[in-house]
Amino acid sequence: MNVDYAEVSKTYDDYRSYPEDVINRIIEFGKISEGMRILDLGCGTGTVACNLLKLINAEIIGVDISLPMLQVAREKSLEVIYANADNGWLPFADNSFNAIIGAYVIHQINDLPLLFSECYRILCDGVLVLLTSSHKQIEAQHPVIKQFFPRCIDIDKSRFPDIRKIDYLLKSAGFKDNEHEEVMVENIPIDQTYLQKVKNKYVSTYHMLEQKEFQVGVKRLESFIKSRRQSDFRERRGTLICGRK
Ligand SMILES: C[S@@+](CC[C@H](N)C(=O)[O-])C[C@H]1O[C@@H](n2cnc3c(N)ncnc32)[C@H](O)[C@@H]1O
């Protein structure tokens, strides 16, 4: 993990959330129902878990490698445990969960085959639901991003596994009946509020640019926003992908 999540944790909840539609699709995809025991893998500040709990009465445990992110989740009364999902072992017994959800976390994992076989081990007859971005979705980022931070596209393509690869790895770990579908993750106006989010590096990719390159992009984005009478909108799409045990 080369993102400073201690820093990110301070503003994460101000800048990142998911539309209710995405949470509903996770519930439908995962066939999530009342009373299930669910693991939120790479739970961060607990955004997904909290939104799920608003809609469904379930037992959710979050795991994450960042203590500051977990602290924010804990303040929301979520049950959370520190764990490194990249060391080949998750601290749970076999057949512990009915569902595992991992939103925007697998791109941070080096050994996905090991992680997926661990997920398989700790699931009972259940489902692993992942939310990520395909390479096509990364390429299709709003032109504003391409224009001002062009290297972000290549950076993300190199760290996000594409859907075919995820599908293959899920099958290799034993998962079956894999499905995937596109969802709208964010549709935000490119305005002063957005500029502030970018300045605070609200997505981890910005942390991977050289500081000078980042500053140049911010300056150009700033001039672009000043020159517009109306806000453009930036649409970010993602892919839900699931496999069943
Ligand atoms: C982009 S955030 C997503 C957080 C949350 N799932 C959400 O959608 O709001 C990625 C999270 O993955 C966590 N993470 C990264 N590497 C990890 C690892 N090896 N084990 C557990 N969590 C990890 C980070 O600490 C961070 O909280």
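Position numbers for residues start from 1 in each chain and track the written sequence from start to end. Thresholds applied to this predicted model are a pLDDT of at least 70 for local features of residues and 80 or more for the giving and counting of side-chain atom pairs; totals over whole chains, interfaces and linings are not thresholded and use all residues. Just so you know, side-chain values use all the structure's heavy atoms and leave hydrogens and water out.

S.K.: Describe the pattern of salt bridges, naming the residues involved and giving the relevant values.
M.R.: Only one rule defines a salt bridge in this text: a Lys or Arg side-chain nitrogen within 4 Å of an Asp or Glu carboxyl oxygen. In total, this model carries 19 salt bridges according to the counting rule given. Residues R37 and E59 are paired through a salt bridge, measuring 2.9 Å at the closest nitrogen-oxygen approach. Residue R37 is located in strand β1 (residues 37–41), and its partner E59 is located in strand β2 (residues 59–64); the two are separated by 22 residues in the primary sequence. Each residue is placed in one exposure class: buried if its accessible area under a 1.4 Å probe, protein chains only, is under 20% of its type's maximum, exposed if it is over 50%, and partly exposed if it falls in between. Here E59 falls in the partly exposed class, since its relative accessible area comes to 35%. For R228, the salt bridge goes to D232, with nearest N and O atoms at 2.8 Å. Here the residues in one salt-bridge network are E186, K197, R234 and R236, joined through shared partners. Every helix listed is a DSSP run of H or I at least four residues long, and every strand listed is a run of E at least two residues long, numbered separately from the N terminus.

S.K.: With reference to specific residues and values, describe the packing of helix α5 (residues 112–122) against helix α9 (residues 163–172).
M.R.: The axes are straight lines fitted to the C-alpha atoms, using for helices just the contacting stretch, and the angles between their N-to-C directions are given from 0 to 180°. Where α5 contacts α9, the axes come no closer than 9 Å and their chain directions differ by 50°. Relative to α9, α5 is oriented oblique. Considering the relative orientation of α5 and α9, their crossing is right-handed. Along its contact with α5, which presents L112, P113 and F116, the element α9 presents I166, L169 and L170. Side-chain classes are defined by residue name, with Ala, Val, Leu, Ile, Met, Phe, Trp, Tyr, Cys and Pro counting as nonpolar, Asp, Glu, Lys and Arg as charged, and the others, Gly among them, as polar. Tallied by class, residues from the contact of α5 with α9 come to six nonpolar, no polar and no charged. Roughly parallel here means an angle under 35 degrees, roughly antiparallel means over 145, roughly perpendicular means 65 to 115, and every remaining angle is called oblique. Handedness of a helix crossing follows the sense of rotation of the near helix relative to the far helix, less than a right angle counterclockwise being left-handed and clockwise being right-handed. What makes two residues a contact is simply this: any of their non-hydrogen atoms within 4.5 Å.

S.K.: Explain the site of the ligand to me, and be specific about the residues and the numbers.
M.R.: If a single non-hydrogen atom of a residue is within 4 Å of a molecule or strand, that residue counts as near it. Around the ligand, the structure places 23 residues, and the nearest of them are Y12, Y18, G42, D64 and A85. Y18 is positioned such that a nitrogen or oxygen atom in its side chain is 2.5 Å from an oxygen atom of the ligand. Polar contacts, as counted here, are pairs of nitrogen or oxygen atoms within 3.5 Å of one another; within protein the pair requires one atom able to donate a hydrogen and one able to accept it, and residues that are adjacent in sequence qualify only if both atoms are side-chain atoms. Between I65 and the ligand, the recorded distance is 3.2 Å, taken from a backbone N or O atom to a nitrogen atom. For every accessible area listed, the method is Shrake-Rupley and the probe measures 1.4 Å; residues are considered covered only by the protein chains on display. Burial of the ligand by the protein amounts to 98% of the accessible area it has alone, namely 600 Å². Among the secondary structure elements, those contributing two or more residues to the shell around the ligand are α1 (5–15) and α3 (47–55). Of the residues that constitute the shell around the ligand, the class distribution is 14 nonpolar, six polar and three charged.

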